[in-house]
Every structure is written in C-alpha cells, then in structure tokens.
Amino acid sequence: MQSSCIGSLMELADQDQNILYLTADSGEGGLDFMFRKNFPDRSFNFGIAEENMVAASAGLAASGKIPFVYTAAPFLAYRSYEFIRNDICLQNLPVKLIGTGSGLSVSSLGPTHHTTEDISVLRSLPNLKILSPATPKQAYECMKVAYRYSGPVYIRLGMNKEKEYFPDDYQFPIDKNEVLKDGEDVTIFTTGAILEEAMNAAELLEAEGTSVCVVNVPTIKPFDKENVIELAGKTKLFFVVEEHNILGGLGSIISDVLVDAGCLKKTVKVGLKDCFSVGYGTLPQIRKENGLDVETITSRIKEALG
C-alpha cells in the first residue's frame, strides 16, 4: 500500500503547493526519497520526535498548509496521542496522519511495532476521520479522500504487498461499507489489510455449502450504520475479522450499532482477545500464531454455526 500512497500523494502535491510532507525518520527509501527529490522545500524530517512533528503539523495547518504526516503507526497513534487530540482535533485542523504498519504488518519486530489498538485509541476523538484501506488501489484513492476532507484524517496502512480486489477505475465509497460478496448464511465484516484472509475464509466455507457475505469497511469513522442494520435482517450470524484488539475495534463499533438499533444479532469477534500480539516472523506466521490465519477464521465460523 505504501507505494500506492507515494504515487497518489506525489500527484496531489504537484497540483497543490500547500501540501507538505512531514516524517519522523521513516527511512531513506520510498516516500521520503521521492518527495524530497521532487519537492525539497516541502519535505521535513523531524527525526524520532513524533510529538514535535505532530505539534508542528498543527501550526503549519493553522497557517494555511495541508501537512501529510507519515510515519510508523504505533508511534504516531500512541506516542503522539495528546498532540493529535489537543493540537489537531480540538482545533479541527486539516492535518492528514498516515500510519504505516497497521495490525501485524511489521510482523518481524513484535508487539512494540504492531498497531493493534489504534482504532480504539483514536476513534473517540471528535472531528477525526479514520480511513482503513485494504488494498493498494484503495490506499491510492483514500489519499484523495483525505486531501478533500476539510478536517483531520488518520489513515492506517498495511505494508505487505496486499492482494488487489478492486479494478483500475475503482472509486472510494465515501463513508460507506462495501459488500464485496453476497451471501445468505454468514456476514463477515473486516477492515484493512486482513481482507485477504476473510475472502479466503469465505471461499473455503462456500466450498462446503455455507453462503457468505463479505463486507469491507474502508471508513471506520464516520461509520456506515445503515449497512450493518440492513444486513442484520439478511444473514444468520455476524463475524468480525480484524487485525486489532477486539475491545474498541470494528467488532465493538458493530456491536454498538446493533444495540442502539435494538437488533438481536449474534456477533462473533475474531481478533486479539484483550491481549498483545505474540511472536516474531513472517506475516503468515504471526497471523497464525495469533489466530488470524484463514484456517483459524474458517474454524471459528464453522464452530459458531454448529
């Protein structure tokens, strides 16, 4: 997804001189190198000082600029939280926060570098729009959505060459969920880079006779409540697959919607069960170790169906 963001942001920056790029020592490759090469006067590396970077982005935004803040998601979402809250969201400034390494993406570096609480941490902040693209094409389009939005945005990015499910002419659904596959027995909701595991689980289940609806959630906030309420009357069971703590994540959002609407719908949450992730290795290894691989997801659904 990172390379897609690079292309999209470079195009936007070429059209708007107010776009700035801020990073916290993210490395010499990719977006850092490309943006600095093409727009040297609009690229700023703050070093490993995320709080200062976020505070500076607020000042720049208040001066009429559109800062895109790009760095590792765990350090952006957690270390800089107070500054995101007070300097950006409280002032409703057009800062675009791009957190790389959503979920278990940075698999080899362990739980300190996994981003498995960012949705729960950030979604309570007023004014903040939260986007969670699942594929490179979706990430490309979501940068344009962030740019057009007048307030602050947080974008959570995977970084493992995610499988593409969308066509070249894909249009990002503004504040809407996407039904990628219709089904009558089970609905699987998912967000971000774990989409491939959910789609593969649906394929395995359908081969055994279970009809599966798959819903991708590219916008966490504001959330598409109507889609959830509509589907509650169509399938027997809801499953939520997320590379995130089940407390405060997508599953919690969906449960809140159902309760508020008075819908009695069994909802099974597949994610980290109020714990930190475990293990170091490749992404498939770490997903399996944390119960987020296609086999475990499929097993959980079959078990719930009885």
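Residues numbered from 1 in each chain as written. Predicted model: local features only at pLDDT ≥ 70, side-chain atom pairs only at ≥ 80, totals over all residues. Heavy atoms only, no water.

**A word on the overall build of the protein**
- The number of helices and strands found in the protein is 12 helices and 12 strands.
- Relative to the 2.2 N^0.38 estimate, which gives 19 Å for 306 residues, the radius of gyration of the protein is 19 Å and therefore close to what a compact globule would have.
- With the C-alpha coordinates aligned to their principal axes, the bounding extent of the protein is approximately 60 × 40 × 35 Å.
- When each of the 306 residues of the protein is scored for burial, the buried share is 57%.
- By sequence separation, contacts in the protein at least 24 residues apart represent 79% of the contacts at least 6 residues apart. (Helix = DSSP H or I, 4+ residues; strand = E, 2+ residues; numbered from the N terminus. Rg over C-alpha atoms; globule rule 2.2 N^0.38 Å. Buried < 20%, exposed > 50% of the residue type's maximum accessible area, 1.4 Å probe, protein only. Contact = heavy atoms within 4.5 Å.)

**Quick notes on the environment of Gly281**
- The residue Gly281 is located in the loop between β12 (267-272) and α11 (283-289) in this model.
- Along the primary structure Gly281 and Leu12 are separated by 269 residues, whereas in three dimensions their C-alpha atoms are 36 Å apart.
- Excluding residues within four positions of it along the chain, Gly281 makes contact with Ser107, Ser108 and Ile286.

**Observations concerning the side chain of Arg287**
- If you trace the backbone, Arg287 turns up in helix α11.
- For Arg287, a relative accessible area of 6% gives the class buried.
- Apart from residues no more than four positions distant in its own chain, Arg287 is found in contact with Leu104, Ala193, Ile194, Glu197, Glu243, Leu292 and Asp293.

**Some remarks on helix α7 (residues 136-148)**
- Compared with an ideal rise of 1.5 Å per residue, which puts 13 residues at 18 Å, α7 spans 19 Å between its outermost C-alpha atoms and is within 8% of the ideal.
- Most of α7 sits out of view: 10 of its 13 residues are buried.
- Considered for burial, the residues of α7 that qualify are Pro136, Lys137, Gln138, Ala139, Tyr140, Glu141, Cys142, Met143, Val145 and Ala146. (Expected span 1.5 Å × (residues − 1).)

**A word on the sheet that holds strand β2 (residues 43-45)**
- Across the sheet, 7 strands lie side by side as β2-β1-β3-β4-β6-β5-β10; this open sheet has mixed pairing. Of all the strands in the sheet, the pair left with one neighbour each is β2 and β10 (219-221). Neighbour-to-neighbour, the strand axes of this sheet turn through a mean angle of 20°, independent of strand direction.
- By the bridge criterion, 5 bridges tie strand β4 (residues 96-100) to strand β6 (residues 153-157) in an arrangement that is parallel. When the bridges of β6 are listed, Leu97 appears paired with Tyr154.
- Sheet strands touched by helix α1 (residues 2-15): β1 (19-23), β3 (66-72), β4 and β6. Its angle to β1, the strand with the most contacts, is close to 145°. (Pairing = 2+ DSSP bridges. Axes fitted to C-alpha atoms, helices over the stretch in contact; angles between N-to-C directions.)

**Some words on unusual backbone geometry**
- Geometrically, the link from Lys221 to Pro222 is a cis peptide bond, its omega value of 0° lying close to zero.
- On the secondary structure map, Pro222 appears in the loop between β10 and α9 (225-232).
- Unlike most non-glycine residues, Asn127 shows phi in positive territory, near 75°.
- Mapping Asn127 onto the fold places it in the loop between α6 (118-122) and β5 (129-131).

**Let's talk about the pairing of strand β9 (residues 212-216)**
- Most of β9 sits out of view: 5 of its 5 residues are buried.
- Of the two faces of β9, both are covered, the one formed by Val212, Val214 and Asn216 as well as the one formed by Cys213 and Val215.
- Summarising the sheet, strand β7 (residues 178-181) and β9 pair through 3 bridges and their orientation is antiparallel. Across the sheet, the residue bridging to Lys181 is Val214, located in β9.
- Of the pairings in the sheet, the one linking strand β8 (residues 186-190) to β9 comprises 5 bridges and is parallel in character. Note on β9: the bridge partner recorded for Ile188 is Val214.

**A few points about the pattern of salt bridges**
- Enumeration according to the criterion identifies 12 salt bridges in this entry.
- A salt bridge links Lys137 to Glu141; the nearest nitrogen and oxygen atoms lie 3.3 Å apart. In this pair, Lys137 and Glu141 are both assigned in helix α7, 4 residues apart and thus about one turn of the helix distant. Comparing Lys137 with Glu141, the two get one shared label, buried. (Salt bridge = Lys/Arg side-chain N within 4 Å of Asp/Glu carboxyl O.)

**Comments concerning the packing of aromatic side chains**
- The final tally for this structure, using the stated rule, is 5 aromatic pairs.
- Arranged with centres 4.4 Å apart and planes meeting at 40°, the rings of Phe166 and Tyr170 form a pair that is tilted.
- For the pair Phe189 and Phe238, a centre-to-centre distance of 4.9 Å together with 75° between the ring planes defines the contact as edge-to-face. Of this pair, Phe189 sits in strand β8 while Phe238 is found in strand β11 (residues 237-245), placing the two residues 49 residues apart along the sequence.
- A relative accessible area of 0% places Phe189 in the buried class.
- Geometry around Tyr149 places Lys129 over its ring, the cationic atom sitting 5.1 Å from the centre.
- For Lys265, the ring lying beneath its charged end belongs to Phe238, and the centroid distance is 5.6 Å. (Phe/Tyr/Trp six-rings, centres within 6.5 Å; stacked < 30°, edge-to-face > 60°. Lys NZ or Arg CZ within 6 Å of the ring centre and 35° of its normal.)

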